[in-house]
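Listed here are the chains, written in short residue letters.
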Amino acid sequence: SANELEIWKSVDGFMSCDPRMFDCAVKLDEVSFREAKELGYFGAKILHPRTLTCLKDTNTHVTVKNIAKPNDAGSKIVRKKTQSKNLVTSVGVKRKMAIIDVEGTNLVEQAGGAAKIFSAISTKKINIDSISTAQVNISFTVKEKDADDALNALNSMSEKLAGKIISINGDASHIIKEQLENKS
């Protein structure tokens, strides 16, 4: 296998957020393979999320560099990042998403409550993008074009959920970070 892979693009490397949306975006000197994959999935056009799958368990050094600035360091994609004081690596935004929030105090007490919700969505062949849970609610995102079908699927079973269903259309933001290591 190769010792080094340089990927030449028209950008300086991975960024802390989308520079077209935020003036405060800074280049990331280093990202993990997992972070690079997530950044690709959540909108960074640098790499397709699957690009690095075959390289993550090798010793190949991967660098993303700007073709217009060949002497700049770019962003390194590494197996293990050096220690950083920053807990968050980057913030990504996916456009045209719907956030669906299923709330109910009885939701957590129902065995298989989440399975019922996701089964109902699955029957409509809708892909769930991300999921967040708490004691009394389950929130998830779907493509905006699928929101009505998802709500219809949930409304058809709402009495089984003992809760209310809220839909918020718009953009979904995602925090990308390396997993925290347990120091104990």
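Worth saying up front: this structure is predicted, and the values here are computed from it rather than measured.

Participant: Would you explain the overall build of the protein chain in this entry?
Facilitator: From N to C terminus, the protein chain includes four helices and eight strands. Relative to its 184 residues, the protein chain shows a buried fraction of 36%. On the protein chain, roughly 11,600 Å² of surface is accessible, and the fraction owed to carbon and sulfur atoms is 51%.

Participant: Before we go on, may I ask you to explain the packing of aromatic side chains in this structure?
Facilitator: Any two aromatic rings considered together are summarised by their centre-to-centre distance and by the angle between their planes. For the coordinates displayed, the defined rule picks out one aromatic pair. Taking 5.7 Å as the distance between ring centres and 75° as the angle between the ring planes, the aromatic pair formed by Phe 118 and Phe 140 counts as edge-to-face. On the criterion of sequence distance, the pair formed by Phe 118 in helix 2 (residues 113-123) and Phe 140 in strand 7 (residues 137-143) is long-range, its members being 22 residues apart. You can call Phe 118 partly exposed: its relative accessible area is 22%.

Participant: How should I be thinking about the packing of helix 2 against helix 3 (residues 147-155) in this particular structure?
Facilitator: The relative placement of two packed helices is expressed as an angle between their axes plus a distance between the axes. Where helix 2 contacts helix 3, the two axes come as close as 9 Å, and the packing angle between them is 130°. It follows that helix 2 is oblique to helix 3 by the angle criterion. Helix-helix and strand crossings are classified by hand; for helix 2 and helix 3 the assignment is right-handed. For the pair helix 2 and helix 3, the contacting residues are Ile 117, Ala 120 and Ile 121 in the first and Ala 150, Ala 153 and Leu 154 in the second. Residues belonging to the contact of helix 2 with helix 3 are distributed by class as follows: six nonpolar, no polar and no charged.

Participant: Would you mind showing me how to read the pairing of strand 4 (residues 75-78) here?
Facilitator: Regular strands place their side chains on alternate faces of the sheet. The pairing of strand 2 (residues 30-32) with strand 4 spans three bridges and is classified as parallel. Counterpart to Val 31 in the pairing with strand 4 is Ile 77. Where strand 3 (residues 61-66) lies against strand 4, three bridges are found, and the strand directions are antiparallel. Of the residues in strand 4, the one forming a bridge with Val 62 is Ile 77.

Participant: How should the pattern of salt bridges be read in this particular structure?
Facilitator: A side chain with one charge can pair with a side chain of the opposite charge if their charged atoms come near. Per the stated rule, a full pass over the model turns up four salt bridges. Lys 27 is paired through a salt bridge with Asp 29; the nearest N and O atoms lie 2.7 Å apart. Residue Asp 146 pairs with Lys 145 through a salt bridge whose shortest N-O separation is 3.4 Å. Assessed through its relative accessible area of 14%, Asp 146 is described here as buried.

Participant: Help me understand helix 3, please; the structure alone is not making it clear to me.
Facilitator: For the α-helix, the turn length of 3.6 residues means that residues three or four positions removed from each other point alike. What helix 3 keeps buried is the set Ala 147, Ala 150, Leu 151, Ala 153 and Leu 154. Taken around the axis of helix 3, the buried residues stretch over an arc of 160°, which confines them to a single face.

Cut-offs used in this document
Residues numbered from 1 in each chain as written. Predicted model: local features only at pLDDT ≥ 70, side-chain atom pairs only at ≥ 80, totals over all residues. Heavy atoms only, no water. Helix = DSSP H or I, 4+ residues; strand = E, 2+ residues; numbered from the N terminus. Buried < 20%, exposed > 50% of the residue type's maximum accessible area, 1.4 Å probe, protein only. Areas by Shrake-Rupley, 256 points an atom, 1.4 Å probe, with all protein chains shown as cover. Phe/Tyr/Trp six-rings, centres within 6.5 Å; stacked < 30°, edge-to-face > 60°. Axes fitted to C-alpha atoms, helices over the stretch in contact; angles between N-to-C directions. Parallel < 35°, antiparallel > 145°, perpendicular 65-115°, else oblique. Left-handed = near helix turned anticlockwise from the far one by under 90°. Contact = heavy atoms within 4.5 Å. Nonpolar A, V, L, I, M, F, W, Y, C, P; charged D, E, K, R; others polar. Pairing = 2+ DSSP bridges. Salt bridge = Lys/Arg side-chain N within 4 Å of Asp/Glu carboxyl O. Arc of directions from axis to C-beta.

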